[in-house]
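Residue-level listing of the chains:
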Amino acid sequence: MHVVIVGNGVAGTEAALAIRRRLDPSRARITLISEEHPYFFSRTALMYAYMERMQRRDLEPYEREMYRRQKIELLHNRVVDIDADAHAITLDAGTTLSYDRLLLAVGARPRMVPFEGLDEVKDGLVNFVSMQDLDHCERLTWSTTEAVVLGGGLIGVELAESFIHHGLKVSFVVREPYFWPAALAAEEGELIGAEIRRHGIELIIDRELKGIESDEAGRVSGVRLSDGRHLPAQMLGVAIGVVPNVDWLREVKTVPVLGRGIRVDRSFRTSLPDVFAAGDCAEIGGEDETPLLETIWYSAKLQGQRAASAILGDEVNYAPPIFYNSSKFFGIEYTTVGQCVGVPSGTRSLYRKHPTRPITQRILFDEARVLGFSMLGSRWDHTLLQQWIAERRPLSYVREHLHRAQFDVEFGRVDLTKFQEEERTL
C-alpha cells in the first residue's frame, strides 16, 4: 500500500509515524510531501527562532535521520492537482504520483480582511505562522524602528514580544475591550494587558484598524485606527486568526466537498474515494451535525493519529478530546482545560488570586461538577485537570485536591490556602 500524505505538520507527521508503527516498509510505502519546509518543525516555537534563542534546526522535534530509519520518503514540493478517480496527484514540477490512500493535512493559512490601502502594500505586512513568515520578519526587522501588531490572540502577543525583543517601538491593537476575551475572562485579560504594557508595548484596546498607509515603494509606512489616530510603522503584523488552507483545492480535477474546510466524516473520510483529511484543514461532522473545526496543535496531533487508524481500516468515530491548551504571555504561564470559552451567561466560577504575584486560577463549575480551568502564572498537570472533568468531580473535591495538579516545583512551594478567592459569574 502506498500512503501519500500532503502536509508535514503535526497532523501529517503523526499520521505517518502511526502508520509506520503498524506496518513495516514491506507493507506500506509512505510519502510525506510539504511545500513549506522539508522537515516537520514546531510552529509554536517560531518566536524563539525569531528572538535568536533557538536555531531553526532546534525547532524540529525529530532528528532528520529518523525519516530515513523509518523509511518515510520526504518530498519538498507543491501538489497542484488531485485526480481521485485515477488515484494520482500531480506535483508542481509536473510529476505524477500514484497512491492507494491519500491524506490531506494541509493546515491553515492566516486570515486577512480587505483593509483600505491593502492593495497598495507590496512589503512590510507580515504574518507569523510559517517558516516563510519567519524569513519575511527577519528580512524586514533591520530596517524597522516602529511596528504595529493587529489581533489580540496568542500569535499576536508572540509577535509583539518578538518585536520588542529586537528593540522596536511596538503598538498592539486589539479591537476588544480587553486582551483576548475569546479565551480569557475580563480579570485575566486585564492582568495580561498589564504584563504587555509592563514590557514597554503600547496596548491599544477597543480600537480597529481602518486603513494601511504605504510609501512610494509600497512599504508599509503606518496605519490608521477607528478613532482617527495615526501610528507610524514600517512593519504591520496581522494576527487575526487562521482559516483552513483549502482554496487551492477548488482548482483540482476532483474537488472534495468543501465547507469552511475539507468536509470529512468522523472517520476523516472526505467525499472522494480513499482520500482522507485531518488537522486544521478538516471540517468534521455528518450531514446532520454542526461541523467541527479545531485549529489547535493538540487536536491536530490526535486527528493525525486517528486518521492513520482509519486509513489502515480501523473503525474510527472521532470525538473531540477535553480541550487543552497552554502557552506563555511573556513570563506568565497559561493553561486552560475544558470548557472555558463560549459558556452561557451566568456560568459560575471560582476565581482565586494570589495577593502579591500575578497568579490566578479560575475554575468553572455547575451544581454537580467542574467544567473547566483557566490558570495563569503557574504550570499545571493538565492530565489531572482533564481527569477531574472526565470524572465529573464536584468543585469541593477539586478545591481539596488542587495542590496535586501543581506542576512546577517552584510554584509548589506557594501555599494555595493564601489565595484570595470568591465566586463570580461569567
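- Naming follows an unreviewed UniProt entry, where the protein appears as NAD(P)/FAD-dependent oxidoreductase of Lujinxingia sediminis.
- In UniProt, the protein has this text filed under Cofactor (unreviewed entry): "FAD".

A word on the overall build of the protein
Item 1. Scanning the protein from terminus to terminus reveals 10 helices and 26 strands.
Item 2. Against the 2.2 N^0.38 benchmark of 22 Å for 426 residues, the protein shows a C-alpha radius of gyration of 23 Å, consistent with a compact globule.
Item 3. Taken along its principal axes, the extent of the C-alpha atoms in the protein is 65 × 60 × 45 Å.
Item 4. Split into buried and exposed, the 426 residues of the protein put 51% on the buried side.
Item 5. For the protein, contacts bridging at least 24 residues in sequence account for 62% of all contacts bridging at least 6.
Item 6. Accessible area for the protein stands at about 19,600 Å²; split by element, carbon and sulfur atoms hold 46% of it.
Item 7. For the protein, the separation between the mean place of its 51 positive charges and that of its 61 negative charges on side chains is 4 Å.

Re the pairing of strand β13 (residues 209-214)
Item 1. Pairing analysis gives five bridges linking β13 to strand β14 (residues 220-225), with the strands arranged antiparallel. Residue pairing in the sheet places E213 in a bridge with G222 of β14.
Item 2. Here β13 hands over to β14 after five residues, with G218 in that stretch at a positive phi of 90°.

Quick look at the pattern of salt bridges
Item 1. Enumeration according to the criterion identifies 35 salt bridges in this entry.
Item 2. Between K253 and D83 there is a salt bridge, with its nearest N and O atoms 3.2 Å apart. Here K253, found in the loop between β17 (242-244) and β18 (262-264), pairs with D83, found in strand β4 (residues 79-83); they are 170 residues apart in sequence, far enough to count as distant.
Item 3. A relative accessible area of 59% places K253 in the exposed class.
Item 4. With relative accessibility at 15%, the residue D83 sits in the buried group.
Item 5. As a salt-bridge pair, D274 and R101 come within 3.7 Å of each other at their nearest N and O atoms. Of this pair, D274 sits in the loop between β18 and β19 (275-277) while R101 sits in strand β7 (residues 101-104), and the two are 173 residues apart along the sequence.

Here's the deal with the sheet that holds strand β9 (residues 125-126)
Picture the strands of a sheet paired through backbone hydrogen bonds; they go either parallel or antiparallel.
Item 1. Taken together, five strands build an open sheet; the order of strands is β9-β16-β10-β11-β12 and the sheet is parallel. Strand pairing shows two members of the sheet lacking a second neighbour, β9 and β12 (202-205), which therefore form its edges.
Item 2. As judged from the five bridges shared by strand β10 (residues 146-150) and strand β11 (residues 169-174), these two strands associate in the parallel manner. Each bridged residue has a counterpart across the sheet, and for V149 the counterpart in β11 is F172.
Item 3. Contacts from helix α5 (residues 154-165) reach β9, β10, β11 and β16 (235-238) within the one sheet, and its direction differs from that of β11 by about 165°.

Brief notes about the packing of aromatic side chains
Item 1. According to the stated counting rule, one finds 15 aromatic pairs in the structure shown.
Item 2. Ring plane angle 50° and centroid distance 5.8 Å describe the contact between Y39 and Y67, whose orientation is recorded as tilted. Note that Y39 is positioned in the loop between β2 (29-34) and α2 (46-50) and Y67 in helix α3 (residues 65-69), a separation of 28 residues in sequence.
Item 3. Connected via pairs of aromatic rings, a cluster forms that spans F172, F179, W180, F329 and Y334.
Item 4. Lying across the ring of Y397, R393 places its NZ or CZ 4.1 Å from the centre.

Conventions we followed
- Residues numbered from 1 in each chain as written.
- Predicted model: local features only at pLDDT ≥ 70, side-chain atom pairs only at ≥ 80, totals over all residues.
- Heavy atoms only, no water.
- UniProt positions renumbered as here; feature names shortened; annotations may be inferred.
- Helix = DSSP H or I, 4+ residues; strand = E, 2+ residues; numbered from the N terminus.
- Rg over C-alpha atoms; globule rule 2.2 N^0.38 Å.
- Buried < 20%, exposed > 50% of the residue type's maximum accessible area, 1.4 Å probe, protein only.
- Contact = heavy atoms within 4.5 Å.
- Areas by Shrake-Rupley, 256 points an atom, 1.4 Å probe, with all protein chains shown as cover.
- Lys, Arg positive; Asp, Glu negative; His and termini not counted.
- Charge placed at Lys NZ, Arg CZ, Asp CG, Glu CD.
- Pairing = 2+ DSSP bridges.
- Salt bridge = Lys/Arg side-chain N within 4 Å of Asp/Glu carboxyl O.
- Axes fitted to C-alpha atoms, helices over the stretch in contact; angles between N-to-C directions.
- Phe/Tyr/Trp six-rings, centres within 6.5 Å; stacked < 30°, edge-to-face > 60°.
- Lys NZ or Arg CZ within 6 Å of the ring centre and 35° of its normal.

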